[in-house]
Amino acid sequence: MTQFQDGPRTIFESPPAFGEWLEVAEGIFWSRIALPFRLNHVNVYLIDDGSSWNIVDTGLSNRVTRETWERLLSGRMAGRTISKIIVTHHHPDHIGLASWLADRGEAEVVMSGTEYLLGLTYWLDSDAMKANHYREFYRARGLDAEIAESILGRSGRYQSLTSPLPFSFRRLLHGDRLRLNARTLDVITGGGHAPEQLLLYCRDARIFFPGDQIMLGITPNVSVTPRNPNGDVLGLFLASLRTLASAIDEGALVLPGHNLPFVGLAQRVDEIRRHHEARLEDIVRFCSHAPRSAADLLQILFRRPIDRAVMELAFGEACAHVNRLLEQGRIATTIGGDGVQRYTSQPSGHSQA
Ligand SMILES: [Zn+2]
Ligand SMILES: [Zn+2]
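What comes next is a walk through the structure. (Residues numbered from 1 in each chain as written. Chains lettered and ligands numbered in written order. Predicted model: local features only at pLDDT ≥ 70, side-chain atom pairs only at ≥ 80, totals over all residues. Heavy atoms only, no water.)

## Points about the pattern of salt bridges
1) Next: According to the stated counting rule, one finds 21 salt bridges in the structure shown.
2) Next: For the salt bridge of R139 with E136, the shortest nitrogen-to-oxygen distance reads 3.0 Å. With a gap of three residues between them, R139 and E136 both fall in helix α5 (residues 132–140), about one helical turn apart.
3) Next: When its relative accessible area of 38% is taken as the criterion, R139 is described as partly exposed.
4) Next: Between E277 and R330 there is a salt bridge; the shortest N-O distance is 3.1 Å. Taken together, the residues span a long stretch of sequence, with E277 in helix α9 (residues 265–289) and R330 in the loop between α11 (311–328) and β15 (331–335) at a distance of 53 residues.
5) Next: Among the ionic contacts, a cluster of salt bridges with common partners joins R279, D282, R285 and R303. (Salt bridge = Lys/Arg side-chain N within 4 Å of Asp/Glu carboxyl O. Helix = DSSP H or I, 4+ residues; strand = E, 2+ residues; numbered from the N terminus. Buried < 20%, exposed > 50% of the residue type's maximum accessible area, 1.4 Å probe, protein only.)

## Concerning the coordination of the zinc ion (ligand 1)
1) Next: Coordination of the zinc ion (ligand 1) by the protein involves H89 (NE2), H91 (ND1), H193 (NE2) and D212 (OD), with metal-donor separations of 2.1 to 2.3 Å.
2) Next: Seen from the zinc ion (ligand 1), its four donor atoms lie at angles of 90 to 169 degrees, and the figure they make is irregular.
3) Next: Read in sequence order, the donor residues coordinating the zinc ion (ligand 1) give the pattern H-x1-H-x101-H-x18-D.
4) Next: Between the zinc ion (ligand 1) and the zinc ion (ligand 2), the interatomic distance is 3.5 Å, and D212 donates to each metal, bridging them. With a gap of 123 residues between them, H89 in the loop between β6 (82–86) and α2 (92–95) and D212 in the loop between β12 (207–209) and α8 (233–247) connect regions that are remote in the sequence.
5) Next: Residue classification places H89 among the buried positions, given a relative accessible area of 0%. (Donors = N, O, S within 2.8 Å, 3.2 Å for Na, K, Ca; no water. Tetrahedral: all angles 85-135°; square planar, octahedral: opposite > 155°, others 65-115°.)

If you want it as structure tokens, here you go:
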């Protein structure tokens, strides 16, 4: 068990093997699906509602994931129907196999409206990212043209990792209550990592499913995308975390999308808030010496060469910090003769997150 002096603490020493499960609370089971990335797994949860199974998140659409689910479905889950496939957000590691599982079990897919429609958009229009509008987003923020092309060239990736989006779904809104037979889950939605991520809180059992909104060990990616170039997504993310810290009991067991379950949500919120505030301060300091572009910021935010495979996320994260600082008035934009936006610290800018 990892014990933190004054921070969140894990309850389970190690995760279940892929395709196995661990009962983490009465009738709630934690399993893992392998991912072929540096982050090598996604957590999925099975909720026994007394008469059927409900699944939270699915893994990617690939052979390994299907085989893992086959083992679960024909093994420990056998004998009961699947009622609902609850998808926290549109990222392929969470929605990837939703329609496949729903078809197998004649189950209903449950999501927020924005996450469903965004996933559907990526699925239906895989070449949209090649439009000049998106190329211009990167150029105007100083990213090397060849690197930008490699990002735009990855546009078919969503389809390669995701089975076709389900033809229908049940839409949940913030404030709804999702009834799973005898259990009731409060629906909370939050922006930042994804626009309308679905988070579920079982108040009676003090169990919280935050998807990728909060986890131990890593901070979720919070990215500005060319579709919403001026959005303050980091502001949305931090506001969502503040909401969670006050809405969720500090003794609740948090069952995240990646890494280990833990207790101590408000303490983890505070760690993440301080992490982003330190990065914002780093940028303000860096931009006090000379005007800097978003591409210039990568060297101080990440302090190491960035792999091409994650450049889109890293650059989006740099832009998210820029947009937060612009919103706060702590930096200002100038546009040079080359058309690139550069940012300069503003002495009058205020400094709270
Ligand atoms: Zn995600
Ligand atoms: Zn994820």
